[in-house]
Amino acid sequence: TLVGAAVLAPFAHWYYSLQDALIPTAVWFAPPLKLVIDQTIYVSFYNVIFLGCCGLLSLQSPSRVFTDVRENYWPVLKAGWRLWPFVHILTYTVIPTSHKLLWVDAVEVAWV
């Protein structure tokens with residue numbers, strides 16, 4: 001989609017590169033720490049950006065977009081927690097940084 005290609009993919013690329021630069025993969029606690037950061041802080045920004053952009057592209061008013069984001073935030077977050085923590089076990093242990101975005105996008109296509 002337009003939102004994925006223009007906004008979310010660059011955001012995710014930046015996030016995975018920054019995360020690997022700040023949290024060395026050689027330390028034992030890196031994978032669980034990355035998973036917790038991913039499934040709390042990062043996914044919050046990601047979902048708000050996605051929901052907000054979709055509303056704006058649907059030509060909804062800013063107040064309607066805000067209402068939709070507020071109403072859909074938790075259901076979308078909880079639905080994602082059924083899949084993404086398990087996917088990211090591989091993301092943060094096996095997949096090299098240069099392929100993380102491709103891996104996550106492939107899973108996302110299969111899931112949606």
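The preceding data block contains the structure.
Let me begin by describing the structure that accompanies this report. (Residues numbered from 1 in each chain as written. Predicted model: local features only at pLDDT ≥ 70, side-chain atom pairs only at ≥ 80, totals over all residues. Heavy atoms only, no water.)

Moving on: unusual backbone geometry. Even without being a glycine, Leu59 presents a positive backbone phi close to 65°. For Leu59, a relative accessible area of 77% corresponds to the exposed category. (Buried < 20%, exposed > 50% of the residue type's maximum accessible area, 1.4 Å probe, protein only.)

Taken N-terminus to C-terminus, the directions of helix α1 (residues 2-22) and helix α5 (residues 97-111) make an angle of 140°; their axes are 9 Å apart at the nearest point. As far as their axial angle goes, α5 and α1 are oblique. Helix-helix and strand crossings are classified by hand; for α1 and α5 the assignment is right-handed. Here Ala9, Ala12, His13, Tyr16, Ser17 and Asp20 of α1 lie close against α5, whose contacting residues are Thr97, Lys100, Leu101 and Val104. Tallied by class, residues from the contact of α1 with α5 come to five nonpolar, three polar and two charged. (Axes fitted to C-alpha atoms, helices over the stretch in contact; angles between N-to-C directions. Helix = DSSP H or I, 4+ residues; strand = E, 2+ residues; numbered from the N terminus. Parallel < 35°, antiparallel > 145°, perpendicular 65-115°, else oblique. Left-handed = near helix turned anticlockwise from the far one by under 90°. Contact = heavy atoms within 4.5 Å. Nonpolar A, V, L, I, M, F, W, Y, C, P; charged D, E, K, R; others polar.)

The next point concerns the environment of Phe86. Inspection of the secondary structure puts Phe86 in helix α4 (residues 84-91). Considered as a pair, Phe86 and Ala26 are 60 residues apart in the sequence and their alpha carbons are 20 Å apart.

Looking at where Asn47 falls in the secondary structure, it is placed in helix α2 (residues 30-57). Excluding anything up to four places from it in sequence, Asn47 contacts Val76 and Leu77.

Three or four residues apart is the spacing at which side chains of an α-helix point the same way, because the helix has 3.6 residues per turn. The terminal C-alpha atoms of α5, which comprises 15 residues, lie 21 Å apart, in line with the 21 Å expected from a rise of 1.5 Å per residue. Listed as buried for α5 are Lys100, Leu101, Val104 and Val107. Buried residues of α5 fall within an arc of 135° about the axis and therefore sit on the same side. Exposed and oriented more than 90 degrees from the buried face of α5 are Ser98, Leu102, Val109 and Ala110. For α5, the elements touching its buried residues are α1, α2 and α4. (Expected span 1.5 Å × (residues − 1). Arc of directions from axis to C-beta.)

Relative to the helices and strands, Thr91 resides in helix α4. Its relative accessible area of 0% is what places Thr91 among the buried residues. A distance of 2.8 Å separates a polar atom in the side chain of Thr91 from a polar atom in the side chain of Trp103. Setting aside residues no more than four positions away along its own chain, Thr91 makes contact with Tyr16, Lys100, Trp103 and Val104. (Polar contact = N/O pair within 3.5 Å; in protein donor to acceptor, adjacent residues only side chain to side chain.)

Under the counting rule described, the total for this entry stands at zero disulfides. As a non-bridged cysteine, Cys53 has Cys54 as the owner of its nearest cysteine sulfur, 7.1 Å distant. (Disulfide = S-S within 2.5 Å.)

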